[in-house]
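Chain and residue survey
Residues per chain are reported as follows:
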Amino acid sequence: MQRWLVLSGLLAIAFSAAADWEFSGSATLELRYYPQAGLDARQYDGGNVSLILEPEFYRSFNDGADTLLFAPYLQADQHDGGRNRLDIRELTWVHVGEDWELRTGIRQEYWGVTEFQHLVDVINQFDTAVDIDNEDKLGQPMVNLSLVRDWGIVDYYLLPGFRTRTWPGVAGRLRPPLPVIGPARYQSGQGDRHVDHALRWSQTLGDVDLGVGWFKGTNREPLLQPAADGQSLTAYYEQMQQLSVDAQATLGDWLWKLEAYHRAASREDYNALQAGFEYTRYGVFGSDADLGLLLEYGWNDSEQLTFNLFQNDLFAGFRLAMNDTQSSELLAGFSQDLDGGGNTLLLEGSRRLGNDWKASLTARWFLADEPRDPLYYFRRENLLEFSLRYFWSNRH
Amino acid sequence: MNKRMLWIALLSLLPLLVQAETAEEKGLAIAKEAKARDTGWKDMQASMKMVLKNAQGEESVRTLRIKALEVEGDGDKGLTIFDQPRDVKGTALLSFSHPVGDDEQWLYLPALKRVKRISSRNKSGPFMGSEFAYEDLTSFEVPKYRYKYLRDEPCGEDTCFVVEQVPTDKNSGYTRRIVWIDQSHYRLHKVEFYDRKNSLLKTLTFSNYQQYLGKFWRAHRMEMVNHQNGKSTVLEWSDIRFDTGLSDKDFNKNSLKRAR
């Protein structure tokens, strides 16, 4: 951590000193309020202030054939020590050849098409200390060779080094009653130094965008086991192989989506699927607004996964984009456990202020009264969030 | 009647035959000539700035850069990179346009590093909150309209053909457009847009034309005025470059991901 701090500090100075660098980024003020006290007395109550700084340094050389990107992430939190940290989201050198690219360094990669769950997205570790929606990721060290051929794009990833999932700290919210702390345990004797490999083929075939992925290495998704003192949970990371497929058919106003994987691990083999559609009506209510309707179904047959919230669940939502000058948007999402468990609710509104600011308001609700439902442990973590984000860039 | 007399009679009919070209045929011929004169530019790069003004006169700014590749026998390929407003900086759009049917479009979302194939049906929606609809900014292709020549009219120092264009795409937001095309270079001077109720919605005027590669004319300023909501958008092009050596490899999902 300290080593990283010093390294990024030096890099930041070196980068900003050179005028040829593009320097952009954002600063976010995040205010959260939890109306209910947590299940664990160690969790803070009520409001919380967090500051997030995401600068980005970018430069291209050799007529664009080589590029460098450095994007650290800094967060300081009022109550939650688990959210006080520095991470390197990107520190990458990309070299572009005639029909190939070599991407070396700490990077983020995205696989998949569905909206409510990111099933097949396996390269990066999720940063669940930021939020539990699995949209924030930790930087992953890699060498990625990408080949562009007529029959598709092939990516090979060499992944040296593993990042453990981040969690809210002991005092933090949006966690189960026991915090996940302490050193992680691994199935592999090499621990977090196990070298993983991944391969992906993707291609557009008319209206269909198709991807097939393979991964062999440390499962990013841990099993959570009670620690000896009974006061916390310990993350245990297994080895696994994953074979996945993701597909989207874009048919007029309809986007049909599918993600599925088969995972083979030593304790069990299991499968998961997320499938559904996104349908958009343009110019609704006689205005310029677009209304998108989303419906997805999630299924998973694992017996072991600790946070397997979605074994047989339905997700529904809508997205209203006003298409006004301020890009006002409203997003609503809902999940329902079809096995009689609970549901979750999400409401999110956002709007640009002027040219450089964006404000958003989020409400997240967990409704569960079945103790056998994993959501039950989140029933007091309902939350309201207001965030104000400032963006800058030296490019005009 | 001897043979010579017959020939003279036939020749005297020729002007009549020429005049018998219908208004529809003449409109189509003008569109084909305009397209022919704008063919062969290969590839292009440019920067664009849009200034949006609302009815109260408040302004907001959009800046973006585009790369375009001419595709023989098909619509153009395009890569659009957004710089402002800042919250969408780094977002990029890859599009393969087609003269008939839906275009193929992929959006790169930098926050998630995600490439998402999107529907291209939203032709009539506003582009980045401006008074330009998506369909106002796509490349001109002859099969996109049915044509009818209306009249000649003076425009500046030139004379313009005035032609009515009826969109063939049922997803278009317009019943028709009236365009003013000058007779010396077949350049657009003005377009009037009529909404689905056939009332005048917007007027687009082109100015500051410059010629590139000794052939291709580009307007550096386009002003769209919406008559129904009182808003307007001025679009200014700069740094226009042709023949920059772009090829197919600059227009795939990998180039979309690294577009900045």
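Residues numbered from 1 in each chain as written. Chains lettered and ligands numbered in written order. Predicted model: local features only at pLDDT ≥ 70, side-chain atom pairs only at ≥ 80, totals over all residues.

1. A few points about the overall build of chain A
A count of helical and extended segments in chain A gives 1 helix and 21 strands. For 396 residues, the compact-globule estimate of 2.2 N^0.38 gives 21 Å, and the C-alpha radius of gyration of chain A, at 22 Å, lies within 12% of that figure. Along the longest, intermediate and shortest principal axes, the C-alpha atoms of chain A span 60 × 60 × 45 Å. For chain A, the residues scored as buried account for 35% of the 396 residues in total. Taking all contacts inside chain A whose residues are at least 6 apart in sequence as the whole, residues at least 24 apart take part in 54%. (Helix = DSSP H or I, 4+ residues; strand = E, 2+ residues; numbered from the N terminus. Rg over C-alpha atoms; globule rule 2.2 N^0.38 Å. Buried ≥ 20, exposed ≤ 12 C-beta atoms within 10 Å, placed from the backbone. Contact = placed C-beta atoms within 7 Å.)

2. Description of the overall build of chain B
When helices and strands are counted, chain B shows 4 helices and 13 strands. By principal-axis analysis of the C-alpha atoms, chain B measures approximately 85 × 45 × 35 Å. Residues counted as buried form 32% of the 260 residues belonging to chain B. Here the analysis covers contacts within chain B between residues at least 6 apart in sequence; of these, 43% occur between residues at least 24 apart.

3. Thoughts on the sheet that holds strand E8 (residues 185-186) of chain A
Residues and elements named next belong to chain A. The strand order across the open sheet built from 3 strands is E8-E12-E11, with neighbouring strands paired in mixed fashion. Edge positions in the sheet fall to E8 and strand E11 (223-226), since each has one partner strand and no second. Relative to strand E12 (residues 233-237), E11 runs antiparallel, the two sharing 4 bridges. In the sheet register, Gln225 faces E12, and the bridge partner there is Thr234. (Pairing = 2+ DSSP bridges.)

4. Examining the environment of Asp150(A)
All names here are of chain A. Position of Asp150 relative to the elements: it lies in the loop between strand E6 (140-149) and strand E7 (152-160). For Asp150, a count of 6 C-beta atoms within 10 Å corresponds to the exposed category. A C-alpha to C-alpha distance of 8.9 Å links Asp150 and Gln203, two positions 53 residues apart in sequence.

5. Focus on the interface of chain A and chain B
Taken together, the contact between chain A and chain B spans 37 residues of the former and 28 residues of the latter. Elements that contribute at least two residues to the side of chain A that touches chain B include exactly E6, strand E13 (239-251), strand E15 (269-282) and strand E21 (383-393) of chain A. The leading source of residues in the side of chain A that touches chain B is E21(A), at 3 residues. Residues of the side of chain A that touches chain B, tallied by class, amount to 9 nonpolar, 14 polar and 14 charged. (Nonpolar A, V, L, I, M, F, W, Y, C, P; charged D, E, K, R; others polar.)

6. Observations regarding the environment of Gln304(A)
Residue and element names in this part refer to chain A. Within the secondary structure layout, Gln304 lies in the loop between strand E16 (290-300) and strand E17 (312-321). Using a count of 11 C-beta atoms within 10 Å as the deciding quantity, one classes Gln304 as exposed. On a C-alpha basis, the gap between Gln304 and Arg267 in space is 8.2 Å, while along the polypeptide they are 37 residues apart. Not counting the four nearest positions on each side in its chain, Gln304 is found in contact with Leu223, Arg267 and Glu268.

7. Some remarks on the confidence of the model for chain B
Per-residue pLDDT for chain B averages 92, and the proportion of residues at 70 or more is 92%. We note a pTM of 0.91 for the whole complex and an ipTM of 0.92 for its interfaces. (pLDDT = per-residue confidence, 0-100.)

8. Brief notes about the pairing of E6(A)
All names here are of chain A. Note: strand E5 (residues 100-107) against E6, 8 bridges, orientation antiparallel. By the bridge assignment for E6, Arg107 is matched with Gln140. With 7 bridges joining them, E6 and E7 adopt antiparallel strand pairing. From the neighbouring strand, Val148 faces E7, where its bridge partner is Ile153. In sequence, E6 turns back onto E7 through a hairpin of 2 residues.

9. Re the pairing of strand E8 (residues 158-167) of chain B
On a regular strand, each side chain points to the face opposite its neighbour's, so the side chains alternate between the two faces of the sheet. All names here are of chain B. As paired strands, strand E7 (residues 145-155) and E8 are joined by 10 bridges and run antiparallel to one another. Looking across to E8, one finds that Glu153 is bridged to Cys160. Where E8 lies against strand E9 (residues 176-182), 6 bridges are found, and the strand directions are antiparallel. Among the inter-strand pairings, Phe161 is bridged to a residue of E9, identified as Ile181.

10. Considerations on the confidence of the model for chain A
Across chain A, the average pLDDT comes to 92, with 94% of residues at 70 or higher. When pLDDT is averaged over each helix and strand of chain A, the minimum, 60, is found for helix H1 (residues 2-17) of chain A and the maximum, 98, for strand E10 (residues 208-218) of chain A.

11. Topic: helix H2 (residues 23-37) of chain B
Counted at 1.5 Å a residue, the expected span for H2(B) with its 15 residues is 21 Å, and the 21 Å between its end C-alpha atoms agrees. Its buried side turned inward, H2(B) meets E7, E8 and E9 of chain B. (Expected span 1.5 Å × (residues − 1).)

12. Structural notes on unusual backbone geometry
Cis rather than trans, the peptide bond between Gln84(B) and Pro85(B) has omega equal to 5 degrees. As for its placement among the helices and strands, Pro85(B) is situated in the loop between strand E3 (77-84) and strand E4 (92-96). Located in the positive-phi region is Asn134(A), a residue other than glycine, with phi close to 55 degrees. Position of Asn134(A) among the secondary structure elements: in the loop between E5 and E6. Its identity is not glycine, yet Leu174(A) carries a phi of approximately 60 degrees, on the positive side. Its place among the elements puts Leu174(A) in the loop between E7 and E8. Since 23 C-beta atoms lie within 10 Å of it, Leu174(A) is described here as buried.

13. A closer look at the nonpolar core
Residues and elements named next belong to chain B. Phe161, Val163 and Ile181 are the most contacted members of the largest nonpolar core, which has 27 residues in total. Broken down by secondary-structure element, the contributors of at least two residues to this core are H2, strand E1 (43-53), E7, E8, E9, strand E10 (188-194), strand E11 (200-212) and strand E12 (216-226). Beyond its immediate sequence surroundings of up to four residues, Val163 is in contact with Gly27, Ile30, Tyr147, Lys148, Tyr149, Leu150, Val179 and Ile181. (Core = buried A, V, L, I, M, F, W, Y, C linked by C-beta atoms within 7 Å.)

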